[in-house]
Amino acid sequence: MKRVLVVEDSRAHQTMIVSILEKLGHEAHLAESAEKALEWLANNQPPDLIMLDIVMPGANGLELCREVRANPDLKHVPIVFCSSKDQDFDRFWALRQGGNAYLTKPFEPEDLIQTIGEYLNPAE
């Protein structure tokens, strides 16, 4: 069982992502903001993956990504951005900040499953 931190402020997207992760047998932890995510990361073992929204109240996902990448204990954790920002520049900038993958909302569940599978089950 892999541990995934889901950083998402939309209830609908929280429910969908957590449901998919749990159906795949993973343990999902939810943070509604970058600040709550940092608090969770400070008090727990590093997750196997971080699912990260960009547009949230307070600090945005890009800022959180930079903080995660600056932490030696977390810099290896894969980050998959899930954002409604759908321009090529948004994708480029998110990956440039240290993201490993980028999904545009709304996304198909199959796309999410395939993308997280690349990071949680790399040998398969």
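Description of the structure in this document.

Thresholds applied
- Residues numbered from 1 in each chain as written.
- Predicted model: local features only at pLDDT ≥ 70, side-chain atom pairs only at ≥ 80, totals over all residues.
- Heavy atoms only, no water.
- Salt bridge = Lys/Arg side-chain N within 4 Å of Asp/Glu carboxyl O.
- Helix = DSSP H or I, 4+ residues; strand = E, 2+ residues; numbered from the N terminus.
- Buried < 20%, exposed > 50% of the residue type's maximum accessible area, 1.4 Å probe, protein only.
- Arc of directions from axis to C-beta.
- Contact = heavy atoms within 4.5 Å.
- Polar contact = N/O pair within 3.5 Å; in protein donor to acceptor, adjacent residues only side chain to side chain.
- Core = buried A, V, L, I, M, F, W, Y, C linked by side-chain atoms within 4.5 Å.
- Pairing = 2+ DSSP bridges.
- Right-handed = clockwise from strand over helix to strand, strands pointing away.
- Axes fitted to C-alpha atoms, helices over the stretch in contact; angles between N-to-C directions.
- Parallel < 35°, antiparallel > 145°, perpendicular 65-115°, else oblique.
- Left-handed = near helix turned anticlockwise from the far one by under 90°.
- Nonpolar A, V, L, I, M, F, W, Y, C, P; charged D, E, K, R; others polar.

Points about the pattern of salt bridges
Counting across every chain of the model gives three salt bridges. Among the ionic pairs, Glu8 bridges to Lys105, the shortest N-O distance being 2.8 Å. Of the two residues, Glu8 is situated in the loop between strand S1 (3-7) and helix H1 (11-23) and Lys105 in the loop between strand S5 (101-104) and helix H5 (109-120); the sequence distance between them amounts to 97 residues. Among the residues examined, Glu8 registers a relative accessible area of 1% and is labelled buried. The shortest N-O distance in the salt bridge between Asp90 and Lys85 comes to 3.8 Å. What makes Asp90 buried here is its relative accessible area of 14%.

Concerning helix H3 (residues 61-70)
Every buried residue of H3 is listed here: Gly61, Leu62, Leu64, Cys65 and Val68. For H3, the buried positions fall inside an angular range of 160° around the axis, keeping them on one side. Buried residues belonging to H3 abut S1, helix H2 (34-43), strand S3 (49-52), strand S4 (79-83) and helix H4 (88-96). Looking at where H3 begins, the residue whose side-chain oxygen comes 2.8 Å from the main-chain nitrogen of Leu62 is Asn60.

Focus on the nonpolar core
With 21 residues, the main nonpolar core has Leu5, Val7, Ile50, Leu52 and Phe81 as its most contacted residues. Breaking this core down by element, the ones donating at least two residues are S1, H2, S3, H3 and S4. Not counting residues up to four positions away in its chain, the partners in contact with Val7 are Ala31, Ser33, Ala34, Ala37, Ile50, Met51, Leu52, Asp53, Met56 and Leu64. Counting 17 residues, the second-largest nonpolar core is a separate cluster that includes Ile17, Ile20, Met51 and Ala101.

Remarks on unusual backbone geometry
In this structure, the amide linkage connecting Lys105 to the following residue, Pro106, adopts the cis form with an omega of -5°. Along the chain, the position of Pro106 falls in the loop between S5 and H5.

Topic: the environment of Arg69
Relative to the assigned elements, Arg69 resides in helix H3. C-alpha separation for the pair Arg69 and Gly98, spaced 29 residues apart in sequence, amounts to 6.6 Å. Other than its neighbours up to four places away in sequence, Arg69 contacts Leu74, Lys75, His76, Val77, Pro78, Ile79, Gln97, Gly98 and Asn100.

What to know about the pairing of S5
Consecutive side chains along a regular strand alternate between the two faces of the sheet. Pairing between S4 and S5: four bridges, direction parallel. By the bridge assignment, Cys82 is partnered in S5 with Leu103. Handedness of the S4-H4-S5 crossover: right-handed.

Some remarks on the packing of H2 against H3
One way to put it is that H2 packs onto H3 with a least axis distance of 10 Å and a crossing angle of 20°. Classified by the angle their axes make, H2 and H3 are roughly parallel. Handedness of the H2/H3 crossing: right-handed. On H3, the residues touching Ala34, Ala37, Leu38 and Leu41 of H2 are Leu64, Glu67 and Val68. The residue inventory of the contact of H2 with H3, partitioned by class, reads six nonpolar, no polar and one charged.

Purely geometric stuff here, so don't read any function into it on its own.
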